[in-house]
Amino acid sequence: MVKIGILGLGTVGTGTVQILRDPVGRHHLLQSIEIQRVGVRSIDKARVVDLPSELVTTDLDSIVSDPDIDIIVELMGGIEPARSLMLKAIEHGKHIVTANKAVIAKFGDEIFTAANQAGVYVMLEAAVGGGIPVIQPLKQSLGVNRIQRITGIINGTTNYILTRMTVEGGEFADILADAQKLGYAEADPTADVDGLDAGDKIAILASLAFGGRIKRDDVYCEGIRKISATDIAYADKLNFVIKLLAIAERVEGGGVSVRVHPTFVPKDRPLATVNGVYNAILVEGEPLGQVMLFGPGAGAGATASAVVSDILAIVGVMQTNSSHEDAVNSPNTSLHPLLSCSHSHYSEMATLSSLRSSFYVRFLCIDVPGVIGKLGTCFGAHNVSIESIVQTGFQGDRAEIVVVTHEVYEGDFESALAEIRGLDSIASIPSIIRVL
Ligand SMILES: NC(=O)C1=CN([C@@H]2O[C@H](COP(=O)(O)OP(=O)(O)OC[C@H]3O[C@@H](n4cnc5c(N)ncnc54)[C@H](OP(=O)(O)O)[C@@H]3O)[C@@H](O)[C@H]2O)C=CC1
Ligand SMILES: N[C@@H](CC=O)C(=O)O
Ligand code: NA
């Protein structure tokens, strides 16, 4: 039997235990897995799964150093103590399965280096796209392609919020509360709403796609807090939907760009049809072309499916490699190259100003006559060409003008906006949203 220790028995931990305890009709290797210990924060909390009390403990240190345990399944979330416990488990020769994108995006360097030295695996399929297989496909089935771009909807909570705001016009706070009740949101939902969770995930995908580590601070993150019902209505009128996109791409002229921002997506693009808690990841590479991976991006069962599949992959390797005992006792034994992390350098990053994008901008103006001309002149002076400019109505006594630009350099667009902000007739610029 392969013995596992699970850290965390919340949404994903519970889903994981449920799959492991109900193996019939699933992969036969599940029957060689035994839950040895489960670590939690509050021992007295009511649990959905009924585990023998001697299995459950608040002493997580004792789990990661338990000599009988082969695999540590980290499902607690957050940076600490998750990071230290994973490092300690690696030090004790244990393989890791984790759903924790926050700790991998920020400390993956340290964790993978330690794992490679110790000759153990760190598997993280659940960390991106929940139940959607995307980590292993990037490492294996798509591994021979030169990846040009990844465009993803990879945060279930924000996609659920934007979908409901679009379809039923509900209030942001109420819908977020529902996402929390459904188990989609992070313990601190700020990570979802401000695009930080998607930032963690796209940093991980970019690292796999481009074969170089990504410093988390180099990922530009903008969340959905500022998206208003007005912008959603304009998007609809202009034949778009608003999605929180995470994009990683090679940039002409060198470097890679990794970013997260709300985006106007044309309604006829497949990504526009991804709604609710569903995620989708569009991978573009040579010679394959485009592949879109789609499925539930959060939730207990979906995420646990990815967690248990990772456990299974390790069990499979352990069973074919009877030298597991050696791996524990003698570091630097060879790891399967398609399951382990094989790069250690950092990717060169491109600056945001060198990227090309189209923009939707909503202006509130004080004085209507001549404003459209002034806006056109300012944009033109900075090489920003306009696809459409319309004055659509009033918000109180302010005239509302909406501009959609052609694809322009972000740097030129920023310079034009700096000049426009100085115009007497511009009262405010409530929305600036990129267009796909
Ligand atoms: N929920 C989802 O849909 C998805 C989640 N993830 C990731 O999975 C991980 C777990 O998420 P989720 O299950 O939603 O989280 P929950 O908040 O539901 O569960 C966290 C669990 O970890 C335990 N825990 C947390 N901190 C400590 C600590 N300091 N000491 C001991 N135990 C601790 C909690 O114990 P107790 O129960 O006693 O409070 C709880 O059982 C996170 O990394 C998350 O980002 C990834 C994909 C989807
Ligand atoms: N909070 C995350 C959970 C899965 O990673 C999300 O909403 O996508
Ligand atoms: Na996944």
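Residues numbered from 1 in each chain as written. Chains lettered and ligands numbered in written order. Predicted model: local features only at pLDDT ≥ 70, side-chain atom pairs only at ≥ 80, totals over all residues. Heavy atoms only, no water.

- As recorded by an unreviewed UniProt entry, the protein carries the name Homoserine dehydrogenase and is attributed to Chamaesiphon polymorphus CCALA 037.
- Word for word, the UniProt comment on the protein under Cofactor (unreviewed entry) is "a metal cation". (UniProt positions renumbered as here; feature names shortened; annotations may be inferred.)

### A look at a nonpolar patch on the surface
Thinking step 1. The grouping of Tyr 278, Met 292 and Phe 294 at the surface amounts to a nonpolar patch, some 280 Å² of accessible area in total.
Thinking step 2. Mapped onto the fold, Met 292 is located in strand E12 (residues 289-296).
Thinking step 3. With a relative accessible area of 31%, Met 292 lands in the partly exposed category. (Patch = residues over 30% accessible without salt bridge, like charges linked within 9 Å, V, L, I, M, F, W, Y side chains within 5 Å. Areas by Shrake-Rupley, 256 points an atom, 1.4 Å probe, with all protein chains shown as cover. Salt bridge = Lys/Arg side-chain N within 4 Å of Asp/Glu carboxyl O. Helix = DSSP H or I, 4+ residues; strand = E, 2+ residues; numbered from the N terminus. Buried < 20%, exposed > 50% of the residue type's maximum accessible area, 1.4 Å probe, protein only.)

### Things to note about the coordination of the sodium ion (ligand 3)
Thinking step 1. Coordination of the sodium ion (ligand 3) by the protein involves Glu 125 (O), Glu 125 (OE), Val 128 (O), Gly 130 (O) and Ile 132 (O), with metal-donor separations of 2.3 to 2.7 Å.
Thinking step 2. Sequence positions of the residues that donate to the sodium ion (ligand 3) give the spacing E-x2-V-x1-G-x1-I.
Thinking step 3. Assessed through its relative accessible area of 7%, Glu 125 is described here as buried.
Thinking step 4. Overall, Ile 132 belongs to the buried group, its relative accessible area being 3%. (Donors = N, O, S within 2.8 Å, 3.2 Å for Na, K, Ca; no water.)

### Side note on the pattern of salt bridges
Thinking step 1. Counted by the stated rule, this structure contains 25 salt bridges.
Thinking step 2. Among the salt bridges present, the one from Asp 197 reaches Lys 201, with a minimum N-O distance of 2.6 Å. Highlighted residues: Asp 197 and Lys 201, both in helix H9 (residues 196-210), separated by 4 residues, approximately one helical turn. With respect to burial, Asp 197 and Lys 201 carry one shared label: buried.
Thinking step 3. Among the ionic pairs, Asp 231 bridges to Arg 362, the shortest N-O distance being 2.9 Å.

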